[in-house]
Amino acid sequence: MNSKLSQSLKLLFLSTPVGPLGSGLGGGVELTLKNIAQALSDRGHRVQVLAPTGSALPDVAIVPVPGNLQVTAQTQGRDAPVIMPGDAVLAQMWEHARRIQQDYDVLVNFAYDWLPFYLTPFFDRPIAHLVSMGSLTTAMDQVIGQIAHQFPGSIGVHSRAQAATFDFAERCRCLGNGLDLSLYDFQPVPTNGLAWVGRIAPEKGIEEAIAAAQTAGIPLKIWGVMPDRRYWHSIEQAYAGAPFSYEGFLSTAELQHQLGQCRGLLMTPRWVEAFGNVAIEALACGVPVIAYRRGGPGDIVEDGKTGWLTTPDCVDELVAAIARLDQIDRRDCRQRAEAEYSMAAMGDRVESWLRDLLHKRDEGF
């Protein structure tokens, strides 16, 4: 047996190219990368991260890479072509990785972009791809599918619902996600407010959450990065007088304190979320989650026990679920996070995935 299967690993993480780590532009990928890096480092593995210039995450060793950022995949149509800007940071990161790959056992790709998958056969070191989205474009489906068949075990996903959007779902490794639960305080007694957390963009469906809060007559607090202020201003105009407020983009410590005081979290995406880190952040604080029965949140929320799952795009069902929030025991929410989404649980799953990938490569698969 190769000694790499039992000893500590040298791992090179390649970040999302849509924004610097810590900016919020990378959405849940930023928190996922940070937590996986921490979980594996705590187990004695050496982790190095390549990320766009300006990146900063606590306790994570980052090599900054200059270059122009990539457009987010969510904003592109089904038949969108593969596009890369001049002097692309994505290309710079992978060129840097090519030069130093011999110093590492496994490379881990966090970018949902065509280039890393295309380059995989040309690298000497195995590449594990943690796919952060469901099926969005034909070009991405094709290239991910090719790698899933050519390099068995190399495609990781966050949820069964996400995997089901691909026709190669059975070749995906479901990894879930995890949090450092010591950073999240259980708050047994909430205030009257509701929460919505995420990137403020059309595909996140914030309008339905505002409409539901307005009908229920309960204030809605909104946290998240705001890449397009014009979009936000259009929401303010459309829902003038509704009880909602923008509370900014906060650090984990600040967010968990504010989020934990809320009666419930609303998740209203108009697309298939791969997972939904904010759902497990809410559960860790004892906050029930009301989510559309669509995508990753459907795998996380236990309907009637840690929150409620509703018909996608149905505001009336959101309102009805808000009225039933008091039926949820907030202690069950925290226990669910501890059982399934701790750093230890996530570390077990990811470490096993990487070692299995190394084993397959050693066996010639």
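As shown above, the structure is provided for reference.
An account of the accompanying structure is given in this report. Quick caveat, the model's predicted, so the values are computed rather than measured.

Observations regarding the overall build of the protein chain
Broken down by element type, the protein chain carries 13 helices and 13 strands. Expressed as a percentage of the 365 residues in the protein chain, the buried residues total 56%. A sequence separation of at least 24 residues applies to 70% of the contacts in the protein chain between residues at least 6 apart. Carbon and sulfur atoms make up 50% of the accessible area of the protein chain, which totals about 14,700 Å². Taken as two groups, the 31 positive and 40 negative side-chain charges of the protein chain have centres that lie 3 Å from each other.

Brief notes about helix H9 (residues 277–284)
The element H9 is largely enclosed, with a buried count of eight among its eight residues. Buried residues of H9: Asn-277, Val-278, Ala-279, Ile-280, Glu-281, Ala-282, Leu-283 and Ala-284, and no others. Phi for Gly-286, located one or two positions after H9, is positive at around 90 degrees.

Re the packing of helix H1 (residues 28–42) against helix H13 (residues 343–362)
Relative to each other, H1 and H13 sit at 80 degrees, their axes nearing to 9 Å. Classified by the interaxial angle, the pair formed by H1 and H13 is roughly perpendicular. Contacts between H1 and H13 involve Asn-35, Ile-36, Gln-38, Ala-39 and Leu-40 from the first element and Met-343, Met-346, Gly-347, Val-350, Glu-351 and Leu-354 from the second. Looking at side-chain class alone, the contact of H1 with H13 contains seven nonpolar, three polar and one charged residues.

Structural notes on the pattern of salt bridges
By the definition in use, this model includes 19 salt bridges. Between Arg-43 and Glu-351 there is a salt bridge, with the nearest N and O atoms lying 2.9 Å from each other. You can see Arg-43 sitting in the loop between H1 and strand S2 (46–52) and its partner Glu-351 sitting in helix H13, a full 308 residues away along the chain. Owing to a relative accessible area of 17%, Glu-351 belongs among the buried residues under this scheme. Here Arg-355 makes a salt bridge to Glu-351, at a shortest N to O gap of 3.4 Å. Of the two residues, Arg-355 and Glu-351 are both situated in helix H13; the distance of four residues between them amounts to about one turn of the helix. Take Arg-355 and Glu-351: they sit in the same class, and that class is buried. Where salt bridges share partners, they join Arg-43, Asp-348, Glu-351 and Arg-355 into one cluster.

Some words on the pairing of strand S5 (residues 127–130)
Here S5 shows no split at all, with Ile-127 and His-129 on one side and Ala-128 and Leu-130 on the other all buried. Strand direction decides the pairing type here: strand S4 (residues 106–109) and S5, joined by three bridges, are parallel. Pairing of Leu-107 across the sheet is with Ile-127, part of S5. A crossover connection joins S4 to the parallel S5 through helix H3 (residues 114–119); in handedness this β-α-β unit is right-handed. In terms of strand pairing, S5 meets strand S6 (residues 155–157) through two bridges, oriented parallel. Within the sheet, the bridge partner assigned to Leu-130 lies in S6 and is Gly-156. Chirality of the crossover, the property in question, places the unit of S5, helix H4 (residues 138–150) and S6 among those that are right-handed.

Quick word on the packing of aromatic side chains
If you walk through the whole model with that rule in mind, you get eight aromatic pairs. For the ring pair Trp-94 and Phe-123, a centre distance of 5.6 Å and an interplane angle of 80 degrees mean the geometry is edge-to-face. Taken as a pair, Trp-94 in helix H2 (residues 89–100) and Phe-123 in the loop between H3 and S5 lie far apart in primary sequence, 29 residues in all. Among the residues examined, Trp-94 registers a relative accessible area of 2% and is labelled buried.

Details of the nonpolar core
Counting 58 residues, the largest nonpolar core has Ile-210, Leu-220, Ile-222, Phe-244, Leu-265 and Val-289 as its most contacted members. Residue contacts for Ile-210: discarding those within four places in its chain leaves Leu-220, Ile-222, Ile-235, Tyr-239, Ala-242 and Phe-244.

What about the packing of helix H6 (residues 206–216) against helix H7 (residues 229–238)?
Their axes nearest at 11 Å, the elements H6 and H7 cross at an angle of 25 degrees. As judged from the angle between their axes, H6 and H7 are roughly parallel. Seen along the crossing, H6 lies across H7 with a hand that is right-handed. Each of Ile-206, Glu-207 and Ile-210 in H6 lies in contact with H7, whose residues at this interface are Tyr-231, Trp-232 and Ile-235. Residues that form the contact of H6 with H7 fall into these classes: five nonpolar, no polar and one charged.

Regarding the sheet that holds S6
Within the open sheet, the seven strands sit side by side as S3-S2-S1-S4-S5-S6-S7. Their pairing is parallel. Every interior strand has two partners, whereas the edge strands, strand S3 (62–65) and strand S7 (173–174), have only one. Of the pairings in the sheet, the one linking strand S1 (residues 10–14) to S4 comprises four bridges and is parallel in character. Of the residues in S4, the one forming a bridge with Leu-11 is Val-106. Sheet contacts for H2: S1, S2, S3, S4 and S5; angle to S2, the most-contacted strand, approximately 150 degrees.

Re the sheet that holds strand S9 (residues 220–223)
Strand order in this open sheet of six strands is S10-S9-S8-S11-S12-S13, and the pairing throughout is parallel. Edge strands, defined here as strands with exactly one partner in the open sheet, are strand S10 (244–246) and strand S13 (307–310). Strand after strand, the sheet turns through a mean of 20 degrees between neighbouring axes, direction not considered. Where strand S11 (residues 264–267) lies against strand S12 (residues 289–292), three bridges are found, and the strand directions are parallel. Each residue of the ladder has a partner; that of Met-267, found in S12, is Ala-291. Seen against the sheet, H6 touches strand S8 (194–197), S9, S10, S11 and S12 and runs at an angle of roughly 160 degrees to S9.

Conventions adopted
- Residues numbered from 1 in each chain as written.
- Predicted model: local features only at pLDDT ≥ 70, side-chain atom pairs only at ≥ 80, totals over all residues.
- Heavy atoms only, no water.
- Helix = DSSP H or I, 4+ residues; strand = E, 2+ residues; numbered from the N terminus.
- Buried < 20%, exposed > 50% of the residue type's maximum accessible area, 1.4 Å probe, protein only.
- Contact = heavy atoms within 4.5 Å.
- Areas by Shrake-Rupley, 256 points an atom, 1.4 Å probe, with all protein chains shown as cover.
- Lys, Arg positive; Asp, Glu negative; His and termini not counted.
- Charge placed at Lys NZ, Arg CZ, Asp CG, Glu CD.
- Axes fitted to C-alpha atoms, helices over the stretch in contact; angles between N-to-C directions.
- Parallel < 35°, antiparallel > 145°, perpendicular 65-115°, else oblique.
- Nonpolar A, V, L, I, M, F, W, Y, C, P; charged D, E, K, R; others polar.
- Salt bridge = Lys/Arg side-chain N within 4 Å of Asp/Glu carboxyl O.
- Pairing = 2+ DSSP bridges.
- Right-handed = clockwise from strand over helix to strand, strands pointing away.
- Phe/Tyr/Trp six-rings, centres within 6.5 Å; stacked < 30°, edge-to-face > 60°.
- Core = buried A, V, L, I, M, F, W, Y, C linked by side-chain atoms within 4.5 Å.
- Left-handed = near helix turned anticlockwise from the far one by under 90°.

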